[in-house]
Amino acid sequence: MHLISIIIPVYNSEKYLIECLDSVLLQTYKNFEALLINDGSTDNSGEICDNFAVKDSRFKVFHKKNGGVSSARNFGIKEAKGEWICFVDSDDFVSDLFLANIFNNDLYFIDFIFTNAYFYNSKLNSIKYKSMKNKKFSTNLFFKEYGIILLDTPWAKFYNAKIVHNNNVQFSHSYAYGEDTIFNLDYIKYCANILTINNCYYSYRDSFLGLSKVFNSFEKELDLYEVILKKITEITELFGYFESRLNVSRLLSLTYVSTYSQRERLRRVKLIKEKFPNNYTNIFTGDSIISEILKFLLKNNLYLFDIFYRWILKQKYK
């Protein structure tokens with residue numbers, strides 16, 4: 001049986017941590033180690049982790065000084081002994097079939113496994129996170145099918161530990177958001193074959209305790225997307241052309257969430273257009289009349305775009 005290393009970064013997550021760890025404990029597939037990386041929690045999270053380690057020797061606890069989620073995940077990677085690595089956020093939970101699910105498939109020559117997830121909002125309404133096929137792909141065919149749309153998170157995925165360790169694939173400490181995409185782009189370039197599974201055995205809580213609504217500074221966010229585009233270019237050279245579908249809407253959000261002057265807003269929007277000439281229109285998706293007007297103005301008249309977009313935001317949030 002293959003040993004799976006489940007890496008769980010923990011920081012002040014006592015509210016949901018027991019539910020998370022109980023869901024891991026109940027796995028029907030038994031050959032796993034759960035690496036609980038307590039990243040300097042100041043609540044009872046560390047004690048909860050210790051209690052699970054006493055209850056079951058497969059739970060291994062590491063207490064460290066707070067360094068952020070990337071630091072915790074990298075610590076877990078260093079300690080992982082399994083043939084496969086997966087990441088579970090401490091406020092999420094998994095089905096008892098989460099691990100067994102992947103072994104219902106032929107994993108011969110598979111390097112990267114994507115599974116689906118349920119996405120819970122703040123009202124505990126759930127939707128299927130992404131739509132994908134139950135299918136094996138060569139990596140170049142995977143990119144032709146999905147681009148990078150499935151590479152935004154590390155959870156509900158399984159990584160070949162040899163690839164991670166042999167190529168020193170690590171999470172970046174430089175960003176408060178987007179480090180997951182960089183990690184996946186760094187990892188996937190060493191993969192030859194990919195398996196996608198549409199079953200939902202992972203449940204993700206949207207921003208209950210996580211960082212999905214955290215922003216870098218505008219300058220840092222700009223740098224992040226430039227790094228991502230550079231890595232996409234590297235992958236394109238390895239696997240052939242694919243549509244990146246990179247959405248830089250967070251840059252626009254950082255421009256309009258604060259009370260900047262019109263001059264500063266226009267400076268930032270011009271920068272977005274200059275830095276990402278093939279991607280900035282992806283900010284507005286859908287076929288609505290408003291989206292089409294915004295796209296047109298963004299391309300052709302930034303002053304009118306600024307006026308119209310601010311008016312749209314006021315209507316939305318008033």
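These numbers were taken from a predicted model, which means no experiment stands behind them.

The helix and strand tally for the chain stands at 11 helices and 10 strands. Taking 20 Å as the expected radius of gyration for a compact globule of 318 residues, we find that the chain reaches 21 Å, a close match to that expectation. Seen through its principal axes, the chain has C-alpha atoms that stretch 60 × 45 × 35 Å. Burial analysis of the chain (318 residues in total) assigns 52% to the buried set. Sequence-distant contacts in the chain: of pairs separated by 6 or more residues, those separated by 24 or more amount to 79%. A total accessible area of about 15400 Å² is found for the chain, and carbon and sulfur atoms account for 52% of it. Charge separation in the chain, taken as the distance between the mean sites of 40 positive and 35 negative side-chain charges, equals 6 Å.

Interhelical geometry of helix 6 (residues 179–188) versus helix 7 (residues 218–239) gives an angle of 15° and a closest axis separation of 10 Å. Our classification of the angle between helix 6 and helix 7 gives roughly parallel. As for how helix 6 packs across helix 7, the hand of that crossing is left-handed. Two secondary-structure elements touch here, helix 6 through Thr181, Ile182, Leu185, Asp186 and Ile188 and helix 7 through Leu224, Val227, Ile228, Lys231, Ile232, Ile235 and Phe239. Residue classes in the contact of helix 6 with helix 7 are distributed as 9 nonpolar, 1 polar and 2 charged.

To continue, consider the packing of aromatic side chains. Counted under the stated rule, the structure contains 33 aromatic pairs. A ring pair is formed by Tyr159 and Phe183, whose centres lie 5.4 Å apart and whose planes are at 75°; its orientation type is edge-to-face. Of this pair, Tyr159 sits in strand 9 (residues 157–160) while Phe183 sits in helix 6, and the two are 24 residues apart along the sequence. This pair shows no difference in class: Tyr159 is buried, exactly as Phe183 is. Their ring planes at 90° and their centres at 4.9 Å tell us that Tyr256 and Tyr309 sit as a pair that is edge-to-face.

In this structure the tally under the stated criterion is 17 salt bridges. The partner of Asp106 in a salt bridge is Lys136, and the shortest N-O contact between them spans 3.5 Å. In this pair, Asp106 sits in the loop between strand 5 (93–94) and strand 6 (112–120) while Lys136 sits in strand 8 (residues 135–138), placing the two residues 30 residues apart along the sequence. Given a relative accessible area of 39%, Lys136 falls into the partly exposed group.

Next up on the list: the environment of Val54. Looking at where Val54 falls in the secondary structure, it is placed in helix 2 (residues 45–55). Judged by relative accessible area, Val54 falls into the exposed class, the value being 73%. For Val54 and Thr233, which are 179 residues apart along the polypeptide, the C-alpha to C-alpha distance reads 48 Å.

On average, residues of the chain score 90 in pLDDT, and 93% of them reach the 70 mark or higher. A low-confidence stretch, residues 208–213 stays under pLDDT 50, and its non-local contacts, those more than four residues away or across chains, total 21 contacts.

Time to look at helix 10 (residues 289–300). Spanning 12 residues, helix 10 covers 16 Å between terminal C-alpha atoms, matching the ideal 16 Å at 1.5 Å per step. Buried within helix 10 are the following residues: Ser291, Leu294, Leu297 and Leu298. Along the axis of helix 10, the buried positions cluster into a sector of 135°, meaning they face one direction only. In helix 10, the exposed residues that point more than 90 degrees away from the buried face are Ile289, Phe296 and Asn300.

Along its 12 residues, helix 1 (residues 14–25) runs 17 Å from first to last C-alpha, staying within 8% of the 16 Å computed at 1.5 Å per residue. Those residues of helix 1 that sit buried are Tyr16, Leu17, Cys20, Leu21, Ser23, Val24 and Leu25. Buried positions along helix 1 lie against strand 1 (4–10), strand 2 (32–39), helix 2, strand 3 (59–64), strand 5 and strand 10 (193–205).

Cut-offs used in this document
- Residues numbered from 1 in each chain as written.
- Predicted model: local features only at pLDDT ≥ 70, side-chain atom pairs only at ≥ 80, totals over all residues.
- Heavy atoms only, no water.
- Helix = DSSP H or I, 4+ residues; strand = E, 2+ residues; numbered from the N terminus.
- Rg over C-alpha atoms; globule rule 2.2 N^0.38 Å.
- Buried < 20%, exposed > 50% of the residue type's maximum accessible area, 1.4 Å probe, protein only.
- Contact = heavy atoms within 4.5 Å.
- Areas by Shrake-Rupley, 256 points an atom, 1.4 Å probe, with all protein chains shown as cover.
- Lys, Arg positive; Asp, Glu negative; His and termini not counted.
- Charge placed at Lys NZ, Arg CZ, Asp CG, Glu CD.
- Axes fitted to C-alpha atoms, helices over the stretch in contact; angles between N-to-C directions.
- Parallel < 35°, antiparallel > 145°, perpendicular 65-115°, else oblique.
- Left-handed = near helix turned anticlockwise from the far one by under 90°.
- Nonpolar A, V, L, I, M, F, W, Y, C, P; charged D, E, K, R; others polar.
- Phe/Tyr/Trp six-rings, centres within 6.5 Å; stacked < 30°, edge-to-face > 60°.
- Salt bridge = Lys/Arg side-chain N within 4 Å of Asp/Glu carboxyl O.
- pLDDT = per-residue confidence, 0-100.
- Expected span 1.5 Å × (residues − 1).
- Arc of directions from axis to C-beta.

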